[in-house]
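The lines below spell out each chain.
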Amino acid sequence: MTAIYILWLRQLKRFIRKKASIVGALGQPIIFLLAIGFGFGPVFAKAGAGNYIQFLAPGIIVMSVLFTSIFTGLEIIWDKQFGFLKETFVAPVSRFEILLGKTLGGATVAMIQGILVFLITLIAGFRPHLASLPLAFLFLFLVAMLSSALGAAIAARLDDMQGFPLIFNFLVQPLFYLSGAIFPIKNLPPVLDFMTKINPFSYGVDGLRYAFSGVNVFSPILSLSVLCGVSLVVILVGLYQFSKVQL
Amino acid sequence: MENIIEVENLTKKYGTFTAVDAINFSVKKGEVFAFLGPNGAGKTTTIKMLTTLLKPTLGTVSLAGHNVVKKPSETRKSFGIVFQDPSLDNELTAYENMQFHAILYGIKKPDYQPRIISLLKLVELYERKDSFVKNFSGGMKRRLEIARGLLHNPKILFLDEPTIGLDPQTRNHIWTYIYNLNKQENVTIFFTTHHMEEVERMAQRIAIIDHGKIIIIGTIDEIIKKAGTGKLEDAFIKLTGSNIREEAVSVGKNQMRITNKLMR
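These remarks concern the structure in this document. As the structure is a prediction and not an experimental result, all values here were calculated from the model. (Residues numbered from 1 in each chain as written. Chains lettered and ligands numbered in written order. Predicted model: local features only at pLDDT ≥ 70, side-chain atom pairs only at ≥ 80, totals over all residues.)

Observations concerning the overall build of chain A
- In terms of regular secondary structure, chain A is built from eleven helices and zero strands.
- Helices (α) and strands (β) of chain A occur, in sequence order from the N terminus, as α-α-α-α-α-α-α-α-α-α-α.
- A globule of 247 residues ought to have a C-alpha radius of gyration of about 18 Å, and chain A, at 18 Å, matches this closely.
- Here the C-alpha coordinates of chain A stretch approximately 60 × 40 × 35 Å along the principal axes.
- For chain A, with 247 residues in total, the buried portion stands at 49%.
- Pairs at least 24 residues apart make up 84% of the contacts formed inside chain A by residues separated by at least 6 positions. (Helix = DSSP H or I, 4+ residues; strand = E, 2+ residues; numbered from the N terminus. Rg over C-alpha atoms; globule rule 2.2 N^0.38 Å. Buried ≥ 20, exposed ≤ 12 C-beta atoms within 10 Å, placed from the backbone. Contact = placed C-beta atoms within 7 Å.)

If you want it as C-alpha cells, here you go:
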C-alpha cells in the first residue's frame, strides 16, 4: 500500500512543479470553449437544441481529463528512457502496485486539471446542478482512471516517444471527437452512431452531462457500468503488458 | 565462508542469439568481486538476471539464500544496485529520491530519516539534499545513486560500471566509499568496470566473461599467472583478444524485438 502511495505522490509532485504545463494544458479547453462554444452557440440555439455552452462544458471537462491522464500514463515511456522505471522494477514491489500507483497518480493529476477547467467553464457561463457534484466527480474520476490506465498500457509497449503522433492522432483525438463531447450523438449516420456507442468515453461524457444538467442519452447506470467495466479490462491488459516489460 | 551469490548454468537466449551461455560462479559473503568483459560480453545481461530484471532462459540464481525467480520480493530486499545508466528522478530533490526509495522498500520514517541523512553525509551530498537532481553533475548523480542503493541495508551491492564518465577525483572518492562500506558493514560488492586499476585496487576475485561464457575466475595473481603476462590489463587483452567488439547486447536486444514482432 505504501508503495502505491509513494508512486501516487511522485506523480502529484511532478505535476504541481510543472506550473507552465498546467497553465499550458488549459489553453486547448479555453480555445474550445471560446471558439467552438461561442462560435457554434447561435447555430445550436437556432436548431432548437438549447444553450451550447451548457451542452459543451461537460465535453470540454472530459477532454481535459482524457488528455491529461493519457499523457501522464504515457510518461512511463520517459521513465523507461531515463532509467527511473528500473529503480521501481528492482524494488520489492509487484508490477501491479506500480501500475496502480501510476494510474491513480495520473488520474488524480487529471482530476485537478479537470476541476480547473470546470471552474473556467463556470466563468464562461456554464450553470450546472451543484447538488449532483459528487456524481459528476465520480464520472470524472472513472474517466480519469480509464484514460490513465490506457496511457500506461500503451506506454508499456513503447520504447520511445516516436509512436506518439500515431497515438495522439489515431487514438486520443478520435476518442475525444467521437464521444459526443462537441455534438449530440442522437440521429447520427450509422457508422458514426456505431463508433460513438463503442467508445467508452461517450458514456463518460453522457454521464457527466447527466450529473451536471440532467440530460442523458444512456442510462446513468449503464454509463457507470461501462466505465467501470472497461477500466477494469484496461487495467488488466495494462498489467499483462507491464508484466512483460523488460528493461 | 558461505556463498552469498550462487549462479548455476545461467543462460539467456534472445531467439538464436545466446547472450549468456551456461555460466557458473559463486561469490562469498563480504567479498569484493569484479565481473569483467569486453563490451557486449554479457555482463549487463547477467546483472539483470541476478537482480530479477530479466528472467533467465535456463539455470538458477540464488542471492542471500533466495531463489531469484521464485522469490523475487525477498531477493530484491537483499541487494542494492547502481545501474550503468542513471536511474534517478530528475524532477525530484536528492532527499525525495532517497525517500521514494525508502518507502518503496517499506522502511518506516523513524528508520529512514536518520539513515538518509547519514548516507547523504557519507557521499558528501548532505548540503545539497534539497536541490533538484536535474541540477546535479554526473559525479553527484552517481554518488546519490550509491547512497540510494545502500538505503535499505542490502547484503549485496551491485555496481554496473559505477565510474563510467567520471573524473579521476570522483572515481577515487567513489571507490573509497565502497571500500569503507565493504570493510565497515561487510556489504558484498559485485561490480563491473573497464578500468583495470580499479579492479587491482578493489577486487579480491575476478571473473572474466566473453561471448556469454566465463573464461576464467580467480584472484588477480592467479589470472595474471595463468595468462602469463605482467599486468592485469595485458592479461585481460590476452584472454579476450585485442579486436574491438560489436555491442552484442544491442544486437541481442534488436533480435529480441524482431522476434517479438514476428510473434505478434
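Overview of the overall build of chain B
- The helix and strand tally for chain B stands at ten helices and ten strands.
- Taken against the 2.2 N^0.38 rule, which gives 18 Å for 264 residues, the C-alpha radius of gyration of chain B at 19 Å falls within 12% of a compact globule.
- Across the 264 residues that make up chain B, the buried fraction comes to 42%.
- In chain B, 69% of the contacts between residues at least 6 apart in sequence involve partners at least 24 apart.

Remarks on the pairing of strand β2 (residues 17–28) of chain B
Residue and element names in this part refer to chain B.
- In this sheet, β2 lies alongside strand β1 (residues 3–14) in antiparallel orientation, the contact comprising eight bridges. Of the residues in β2, the one forming a bridge with Asn3 is Lys28.
- Adjacent in sequence and paired antiparallel, β1 and β2 are bridged by two residues, among which Gly15 carries a positive phi angle near 60 degrees. (Pairing = 2+ DSSP bridges.)

Quick notes on the sheet that holds strand β7 (residues 156–160) of chain B
Residue and element names in this part refer to chain B.
- Read across the open sheet, the six strands follow the order β6-β7-β8-β3-β9-β10; overall the sheet is mixed. Bordering the open sheet on either side are β6 (79–82) and β10 (213–218), each of which pairs with just one other strand. Across the sheet, the mean angle from the axis of one strand to that of its neighbour is 15 degrees, orientation sign disregarded.
- Where β7 meets strand β8 (residues 188–192), five bridges bridge the pair, whose relative direction is parallel. (Axes fitted to C-alpha atoms, helices over the stretch in contact; angles between N-to-C directions.)

Structural notes on the interface of chain A and chain B
- On the chain B side, the residues contacting the 20 residues of chain A number 22 residues.
- For the side of chain A that touches chain B, the secondary-structure elements that each account for two or more residues are α1 (2–17) and α5 (84–89) of chain A.
- A per-class count over the side of chain A that touches chain B returns ten nonpolar, four polar and six charged. (Nonpolar A, V, L, I, M, F, W, Y, C, P; charged D, E, K, R; others polar.)

With respect to the sheet that holds β1 of chain B
Residues and elements named next belong to chain B.
- Read across the sheet, four strands follow the order β2-β1-β4-β5 without closing on themselves; strand pairing throughout is antiparallel. Edge positions in the open sheet fall to β2 and β5 (66–67), since each of these has one partner strand only.
- Of the strand pairs in this sheet, strand β4 (residues 58–63) and β5 are connected by two bridges, and their pairing is antiparallel. Residue pairing in the sheet places Leu63 in a bridge with His66 of β5.
- Packed onto the sheet, helix α1 (residues 43–50) meets β1, β2 and β4 and runs at close to 120 degrees relative to β1.

A short note on the nonpolar core
- By size, the foremost hydrophobic cluster in this structure holds 145 residues, and its most contacted members are Val62, Leu66 and Val143 of chain A together with Ala147 of chain B.
- The contact partners of Val143 of chain A, leaving out residues within four places of it in the chain, are Val62, Val65, Leu66, Phe201, Gly204 and Leu227 of chain A. (Core = buried A, V, L, I, M, F, W, Y, C linked by C-beta atoms within 7 Å.)

Digging into unusual backbone geometry
Residues and elements named next belong to chain B.
- Positive phi values are uncommon outside glycine, yet Asn9 reaches one of about 55 degrees.
- Along the chain, Asn9 turns up in strand β1.
- In this structure Asn9 comes out as partly exposed when scored by C-beta crowding, with 13 C-beta atoms within 10 Å.
- If you check the backbone angles, Ala64 has positive phi at about 50 degrees while not being a glycine.
- Note that Ala64 resides in the loop between β4 and β5.

As for helix α9 (residues 232–240) of chain B
All names here are of chain B.
- Buried within α9 are the following residues: Leu232, Ala235 and Phe236. Buried residues of α9 fall within an arc of 100 degrees about the axis and therefore sit on the same side.
- Those residues of α9 that are buried lie in contact with β3 (32–36), α7 (196–202), β9 (205–210) and α8 (220–227).
- One or two steps after α9, the chain reaches Gly241, where phi turns positive at roughly 85 degrees. (Arc of directions from axis to C-beta.)

Digging into the environment of Leu66 of chain A
All names here are of chain A.
- You can see Leu66 is positioned in helix α3 (residues 52–74).
- Residue class for Leu66 comes out buried when judged on the 27 C-beta atoms lying within 10 Å of it.
- Put simply, Leu66 and Ile120 are 54 residues apart on the chain and 17 Å apart in space, counted from C-alpha to C-alpha.

Concerning the packing of α3 of chain A against helix α10 (residues 200–213) of chain A
Residue and element names in this part refer to chain A.
- Axis separation between α3 and α10 bottoms out at 9 Å; the angle between their running directions is 130 degrees. In terms of orientation, α3 and α10 fall into the oblique class. Taken as a pair, α3 and α10 cross one another with a handedness that is right-handed. On the side of α3, the interface is formed by Gln54, Pro58, Gly59, Ile61, Val62 and Leu66, while α10 contributes Phe201, Gly204, Val205, Leu208, Arg209, Phe212 and Ser213.
- Class assignment of the residues belonging to the contact of α3 with α10 gives a composition of eight nonpolar, four polar and one charged. (Parallel < 35°, antiparallel > 145°, perpendicular 65-115°, else oblique. Left-handed = near helix turned anticlockwise from the far one by under 90°.)

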